[in-house]
Amino acid sequence: MELDRRLLLIHCAAHALSVAAGLLVVVPMALNGSAFKGRCALFSSGYWTKEERAEPAGQPGELSHLVVQRWGPLEACQLATFVGIFTTLYGAAQGWRCLFYLHGRHDDTLFSSFLTVLLSVCVLFLSAGASVILSLGFSSWCDTVTDNNTRPYSCAESQSVLLYLDVNTSTFYTDFSLAQASLWFVTALWLLHSILAFLRLFHSHRQHIPRPWLHRDKELLLGHSLSDSGSPTPPLPPATPTVCV
């Protein structure tokens, strides 16, 4: 199999993985946004407080609950969702193009390949930034929920604890963990896209723009072979007679 077809096949597989990974980012973030009523838990700040309440038996008791002072910026959640949506749509479109090129046995032009490399590198940095923001924001929310690890449960267990907030927190750890892992996988895929796009650009450049010294060497070889075939073979010198005494 030719090198360009092998690169196309690998690129098709990478685009198929991008569609799946992008959906694994979008769906958990959408579910979390719906559970939190459009608010973003990333980089939220709050504190735990205790209030006196009357128990059913008439004995006074304490109620510990979380108070959110400030919800996180919506842009932190929207950036991860945007990267997931763009990765899904781009992977679907480019995957179809790869299959079309495999069927037609041709590849992108040099200009189109260059644009693909440029776009892949730009989205790679965008995806890496979104992954870092999601990871740091998730860690900040876990510190708030667990009161900087002073509560008797972990961040994963806190989604089953009643926090007495006006949002549904029963699946926040599952949603953010899945979105975080998928977004880092999307970043790795964009790195793979950048490498494959550069290899395809380099291979296409070598095919469409051959090096000038190869033409010069080819012409010299052809000219030398023609001159050798056109020149007559020089006659052999006559043999000197030998006299025996």
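Everything below is about the structure shown above.
Computed from a predicted model, the values in this text were never measured in an experiment. (Residues numbered from 1 in each chain as written. Predicted model: local features only at pLDDT ≥ 70, side-chain atom pairs only at ≥ 80, totals over all residues. Heavy atoms only, no water.)

## A few points about the packing of aromatic side chains
- With the rule as written, the count across this model stands at 11 aromatic pairs.
- Ring geometry for F36 against W71: centres 5.8 Å apart, planes inclined by 90°, an arrangement best described as edge-to-face. Of this pair, F36 sits in the loop between α1 (3–35) and β1 (40–54) while W71 is found in strand β2 (residues 60–72), placing the two residues 35 residues apart along the sequence.
- Accessibility expressed as a relative area gives 0% for F36, which makes it buried.
- Residues F86 and W190 carry aromatic rings whose centres are separated by 6.2 Å and whose planes lie at 20° to one another, so their mutual orientation is stacked. You can see F86 sitting in helix α2 (residues 74–104) and its partner W190 sitting in helix α5 (residues 172–208), a full 104 residues away along the chain.
- Ring pairs connect the aromatic residues F36, W71, W141 and F172, which therefore count as one cluster. (Phe/Tyr/Trp six-rings, centres within 6.5 Å; stacked < 30°, edge-to-face > 60°. Helix = DSSP H or I, 4+ residues; strand = E, 2+ residues; numbered from the N terminus. Buried < 20%, exposed > 50% of the residue type's maximum accessible area, 1.4 Å probe, protein only.)

## Some thoughts on the state of the cysteines
- Going through the model one piece at a time under the given rule, you end up with two disulfides.
- The disulfide that involves C40 links it to C77, with 2.0 Å between the sulfurs. With the S-S dihedral at roughly 80°, the linkage between C40 and C77 falls on the right-handed side. Here the residue C40 occupies a position in strand β1, and C77 occupies one in helix α2, the gap between them amounting to 37 residues. One exposure class covers both C40 and C77, and it is buried.
- At a sulfur-sulfur separation of 2.0 Å, the disulfide partner of C142 is C155. (Disulfide = S-S within 2.5 Å.)

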